[in-house]
Amino acid sequence: MIPTVTTFKAVLVTQPDGKFAVDIQDMDRSMLAEGEVLVRVAYSSLNYKDGLAVTGKPGVIRNFPMVPGIDFAGVVEESSSDEFRAGDSVVITGCGTGETIWGGYSQYARLDAKCIVPLPQGMSLQQAMAIGTAGFTAMQSVMALEHHGLKPDSTGEVLVTGAAGGVGSTAVAILAKLGYKVAASTGRPEYHDYLRDLGATSILDRAELQAPSKRPLDSERWAAAIDSVGGDTLAAVLRSVFAHGSVAACGLAGGAALNTTVFPFILRGVNLLGIDSPKVDKPGRLAIWSRLATDMPLDLLNEMTQVVPLKRVFDVGELIIAGKIRGRTVIDVNAFE
Ligand code: NDP
């Protein structure tokens, strides 16, 4: 087969002499790893993990050199898999991409079919990356809560923490569209109106959930919760969710340690649901994207999203680690100015 691509641009993270280095580089097709499907990438996105990767923080990149970008959407250029053909539009969210497999901050990527999902009908490549890993994780969290009995007519509000961030914004919009009453917790008062526009029925200051407490339980306040903050916030949420309610724990933007007691579990039957988007199998990925196609309000998705050229990954990467990004950021990997 005649190669359709020989050179392209990508962000490359290296470790010369053990020191972190990152830049946009001219790459040769021969540098791409083995894989069944070659994808011409249109868009990637900015997730918390990508912020860590492009700013040289440990814990995300496992092999060097690495092209970061844990998710991407594009068009199949070549495929040796029966599942995909040249011209198919596809989407990839965290499957080791940007960690152990070269990721989406690149004009081309090659990987195996098991990581790849067809672009849902009615969704553009840009919208797929406006959703990205953050929106995928929000939908996975909603589905986990539903699986444990949450229904739109359940009494009380569903709490979303880190609400102005990527997982938080998409979770608020999805829950509101499904008919839930949504309480949004944020540390940024300037985004209260934004969160109400996404469908939040009430807003609380995140400081309320961060105050240290020795109490084993608080008053029952939330029907369920999606927590992207972790740390003391998650401990506070566990103390105040309804008896037999569930908490989907997906993040650590506020801390990884969890200082709690067993009382929420043994006195109230609270369920703590772990959310691990990279480990979702192919049928699970298809099910989550199918729900996203119907339950993500695309008008609100456009409202919560900015699109930036590839060269901006370095500054928006710093901003997401500082908790200063609102909603979602799409990376146009073919724009350089
Ligand atoms: P964002 O930075 O977009 O959102 C995180 C939000 O958390 C911020 O917007 C802010 O919300 C809040 N926050 C930030 N710092 C603090 C702090 N020190 N204390 C309390 N709240 C804080 O990141 P993402 O939405 O992309 O990711 C959120 C988390 O979810 C990350 O930890 C990420 O690693 C994790 N994640 C996990 C996945 C999984 O599969 N389990 C998949 C995707 C993400 P506000 O300003 O509203 O207070």
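Here the residue numbering is sequential within each chain, running from 1 through the sequence in written order. Only residues with pLDDT of 70 or above have their local features reported here, since the model is predicted, and side-chain atom pairs are shown and tallied only from 80 upward, although totals for entire chains, interfaces and linings are computed over all residues. With hydrogens and water excluded, all non-hydrogen atoms of the structure serve as input to the side-chain values.

J.: Any details on the state of the cysteines? Residues and values, ideally.
T.: When the sulfur atoms of two cysteines come within 2.5 Å, that pair is taken as a disulfide. In total, this model carries one disulfide according to the counting rule given. C95 provides the cysteine sulfur closest to C250, a residue in no disulfide bond, and the two sulfurs are 19 Å apart. Under the relative-accessibility criterion, C250 is labelled partly exposed at 22%. When a residue's accessible area, from a 1.4 Å probe over protein chains only, is under 20% of the maximum for its type it is buried; when over 50% it is exposed; and in between it is partly exposed.

J.: An account of the packing of aromatic side chains is needed here, citing residue identities and associated values.
T.: Think of it this way: a Phe, Tyr or Trp ring, Trp meaning its six-membered ring, pairs with another when their centres are within 6.5 Å, and the plane angle makes it stacked under 30 degrees, edge-to-face over 60, tilted otherwise. Following the criterion strictly, the structure yields three aromatic pairs and no others. Aromatic side chains F136 and W289 sit 6.2 Å apart centroid to centroid with 45° between the ring planes, which places their arrangement in the tilted category. One end of the pair, F136, is in helix α2 (residues 125-147); the other, W289, is in helix α8 (residues 282-295), with 153 residues separating them in the sequence. An identical accessibility class is assigned to F136 and W289; each is buried. With 5.9 Å between their ring centres and 65° between their planes, Y191 and Y194 make a pair best called edge-to-face. Each helix is a run of H or I in the DSSP string that is no shorter than four residues. Each strand is a run of E no shorter than two, and both are numbered from the N terminus.

J.: How would you explain the packing of helix α3 (residues 166-178) against α8 if you had to name every residue and give the values?
T.: Every axis corresponds to a line fitted to the C-alpha atoms, with the helix fit spanning only the stretch in contact, and the corresponding angles, defined between N-to-C directions, vary from 0 to 180 degrees. At a minimum axis separation of 10 Å, α3 and α8 run at an interaxial angle of 70°. By the angle class used here, α3 and α8 are roughly perpendicular. By crossing handedness, the relation of α3 to α8 is classed as left-handed. In contact with I174, K177 and L178 of α3, α8 contributes R291, L292, T294 and D295. Ten residue types, Ala, Val, Leu, Ile, Met, Phe, Trp, Tyr, Cys and Pro, are classed as nonpolar, four, Asp, Glu, Lys and Arg, as charged, and the remainder, Gly among them, as polar. Of the residues that constitute the contact of α3 with α8, the class distribution is three nonpolar, one polar and three charged. An angle below 35 degrees is read as roughly parallel, one above 145 as roughly antiparallel, one from 65 to 115 as roughly perpendicular, and any other as oblique. By the definition used in this description, the sense in which the near helix is turned from the far one sets the handedness, with an anticlockwise turn below a right angle giving left-handed and a clockwise turn giving right-handed. Contact definition: two residues touch when any of their heavy atoms are within 4.5 Å.

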